[in-house]
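Examining the three-dimensional arrangement
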Protein chains: 2
Amino acid sequence: MNKDKIQEQNTLCRSRILGIKDTTDVLSGKWKIFILGSLLVMGKMRFMELLNTIDGIGRKMLAKELDDLEINGLISRTELKTKPLTVVYELTELGKTLKNLINEVIEWGEKYRDHSLKQFHNP
Amino acid sequence: MNKDKIQEQNTLCRSRILGIKDTTDVLSGKWKIFILGSLLVMGKMRFMELLNTIDGIGRKMLAKELDDLEINGLISRTELKTKPLTVVYELTELGKTLKNLINEVIEWGEKYRDHSLKQFHNP
DNA sequence: CAGGATCCTTTACGATACTG
DNA sequence: CAGTATCGTAAAGGATCCTG
């Protein structure tokens, strides 16, 4: 019945929800966290390496997500002036600040994959 | 040039990538993490409370995401047999194991919201 | 090799009205 | 109140071909 307490809790909740929004805005889309996770483990990677490592992604989506991530300063893109063009991507310092978050995602998945198995892509 | 090393690293990468997939399968969709975050802060919440707390979500999506989360055992749904029906949602034990992950998401957003401001929902 | 352009399909998402 | 039903739009995603 303490309405002040409820109000206070609601304000706290909204503020934290904003944190979630800020993060998910940057990580929006199905593939960004996969790209970041790959770069976190592998260091520098080329376009084709990412395409082969991340199961299910296509060229178009990979290109788009890489664009988004570069615009937001999470990864860097470097062209090496070789005969057939070579491009390497890697995490920036800002991108590396996501290390803990990504590791949490990975570890939760590894720990609890047997508990909750349903995907929602079924008929 | 050490192909074994590269191969080994690639295997490690794929295994970790799988962890990401397991987690994102369960957290798929735009709103699940908002619902979980709200319940983490607020404890038990009713349908309308969630609808009012999570900015931008609609009834349809809220209902669907709550369904998904319940199916995967992350939240519980309890009907109180009151005259106008009352339903409360809360995190299950399994749902509470996401606490660290969600806190990482919240904290990263709070820390780095000024670094990367672009959203991708613009013309 | 690293992507852009194009076309097309599917899914996600949203607004509103309605029901037990 | 707690949802479902219905309809409609926008975005995601995929296949293929093309270019520096």
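This one's a predicted model, so the numbers in the text were calculated from it and none came from an experiment. (Residues numbered from 1 in each chain as written. Chains lettered and ligands numbered in written order. Predicted model: local features only at pLDDT ≥ 70, side-chain atom pairs only at ≥ 80, totals over all residues. Heavy atoms only, no water.)

Turning next to the environment of B:D55. Within the fold, B:D55 resides in the loop between α3 (47-53) and α4 (59-71). Those residues in contact with B:D55, other than ones at most four positions away along the chain, are A:R14 and B:W31. (Helix = DSSP H or I, 4+ residues; strand = E, 2+ residues; numbered from the N terminus. Contact = heavy atoms within 4.5 Å.)

Moving on to the relation of the copies chain A and chain B. Comparison of the two chain copies shows a relationship of rotation about an axis with a shift along it. Superposition of chain A onto chain B requires a rotation of 180° combined with a translation of 0.0 Å along the rotation axis, giving an RMSD of 0.1 Å. Seen this way, the second copy is the image of the first under a two-fold rotation axis. Among all residues of chain A, the one whose C-alpha sits closest to the rotation axis is A:L101, at a distance of 3.3 Å. A shared interface surface links the copies, since 100% of the contact residues of chain A are contact residues in chain B too. (Least-squares fit on C-alpha atoms with pLDDT ≥ 70 in both.)

Should the charged atoms of two oppositely charged side chains come close, the side chains can pair. Residues and elements named next belong to chain A. Taken as a whole and assessed by the stated rule, the structure comprises 20 salt bridges over all chains. Taking the shortest distance from any N to any O, the salt bridge between E79 and K81 comes out at 3.8 Å. Each member of the salt-bridge network shares a partner with another, and the members are K32, K64, E65 and D68. (Salt bridge = Lys/Arg side-chain N within 4 Å of Asp/Glu carboxyl O.)

Facing the 55 residues of chain A at the interface are 55 residues of chain B. When chain A packs against chain B, close to 5100 Å² is buried across both sides, 65% of that on carbon and sulfur atoms. At the boundary of chain A and chain B, one finds two salt bridges. Here B:R113 and A:D22 are joined by a salt bridge, their closest N and O atoms 2.5 Å apart. Counting every contact that joins chain A to chain B gives ten residue pairs in polar contact (both at pLDDT 80 or more). Of all the secondary-structure elements, those providing two or more residues to the side of chain A that touches chain B are α1 (3-26), α2 (32-42), α3 (47-53), α4 (59-71) and α6 (99-112) of chain A. Looking at the side of chain A that touches chain B, its residues break down into 22 nonpolar, 20 polar and 13 charged. (Buried area = accessible area lost by both parts, 1.4 Å probe. Polar contact = N/O pair within 3.5 Å; in protein donor to acceptor, adjacent residues only side chain to side chain. Nonpolar A, V, L, I, M, F, W, Y, C, P; charged D, E, K, R; others polar.)

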